[in-house]
Each structure stands twice: as C-alpha cells, then as structure tokens.
Amino acid sequence: MTTTAVTRELNALDRCDRCGAQAFVRAVLETSGGELFFCGHHARAVEGKLRPLTNEWQDETARLYEKPVFDDED
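To start, this report covers the structure provided alongside it. Quick caveat: nothing in here was measured; it's all calculated off a predicted structure.

1. Overview of the overall build of the chain
Part 1 of the reasoning: Counting its regular elements, the chain contains one helix and three strands.
Part 2 of the reasoning: From first element to last, N terminus to C terminus, the chain shows the α and β order β-β-α-β.
Part 3 of the reasoning: The buried share among the 74 residues of the chain stands at 32%.
Part 4 of the reasoning: Long-range pairs, those at least 24 residues apart, make up 39% of the contacts in the chain with a sequence separation of at least 6.
Part 5 of the reasoning: For the chain, the exposed area adds up to about 5,700 Å²; of that, 52% sits on carbon and sulfur atoms.

2. Examining the pattern of salt bridges
Part 1 of the reasoning: For the structure shown, the criterion picks out seven salt bridges.
Part 2 of the reasoning: Among the ionic pairs, Asp14 bridges to Arg8, the shortest N-O distance being 2.8 Å.
Part 3 of the reasoning: Classification of Asp14 by relative accessible area gives buried; the value is 9%.
Part 4 of the reasoning: The exposure class assigned to Arg8 is partly exposed, which follows from its relative accessible area of 40%.
Part 5 of the reasoning: Beyond isolated ion pairs, a larger network of salt bridges with shared partners links Arg44, Glu47, Arg51 and Asp59.

3. Remarks on the state of the cysteines
Part 1 of the reasoning: Counted according to the given criterion, the structure contains zero disulfides.
Part 2 of the reasoning: Left unpaired, Cys16 is separated from the closest cysteine sulfur, that of Cys19, by 3.8 Å.
Part 3 of the reasoning: Under the relative-accessibility criterion, Cys16 is labelled buried at 5%.
Part 4 of the reasoning: No disulfide involves Cys39; its nearest neighbouring cysteine sulfur is the one of Cys19, lying 3.9 Å away.

Cut-off values and rules
- Residues numbered from 1 in each chain as written.
- Predicted model: local features only at pLDDT ≥ 70, side-chain atom pairs only at ≥ 80, totals over all residues.
- Heavy atoms only, no water.
- Helix = DSSP H or I, 4+ residues; strand = E, 2+ residues; numbered from the N terminus.
- Buried < 20%, exposed > 50% of the residue type's maximum accessible area, 1.4 Å probe, protein only.
- Contact = heavy atoms within 4.5 Å.
- Areas by Shrake-Rupley, 256 points an atom, 1.4 Å probe, with all protein chains shown as cover.
- Salt bridge = Lys/Arg side-chain N within 4 Å of Asp/Glu carboxyl O.
- Disulfide = S-S within 2.5 Å.

Spelled out as structure tokens, the structure:
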C-alpha cells in the first residue's frame, strides 16, 4: 500500500501554534506525522532546529508580498 501526501494551500483558518496569527508555514513531523503551524515570524525562529525533524516544510510566506487582485466590473 502506498500513501500520497496531500498538500493544500494554507488559509485564514490555519493559525500559528505559538501566537494565533495566520499561519503561512506548515511543518509535518517525521516521526509522528503530526502537523505544526507557524506564522512567518515564528517559523523563522524555529526553522533551524525543527526543519531537520520534518518530512515536509510547506512555506507560503511569499504570499505575504502578493498584491491583491480586484474585480473592476462593478
């Protein structure tokens, strides 16, 4: 049996486990498969120690710099 990891885009309901802000990084722990969510600030603070313990490091912090697109059809 093979398993496939499904990665989804993080959204506003995903919150940082440290401070409760919107999460832009998801870390999947190698040993347990558990997930940790972090805002950009806290992800950078723990990345050096935590990243080697993960099998997936989903970093969407680049979305912080995207410009919103508005529909001008009104």
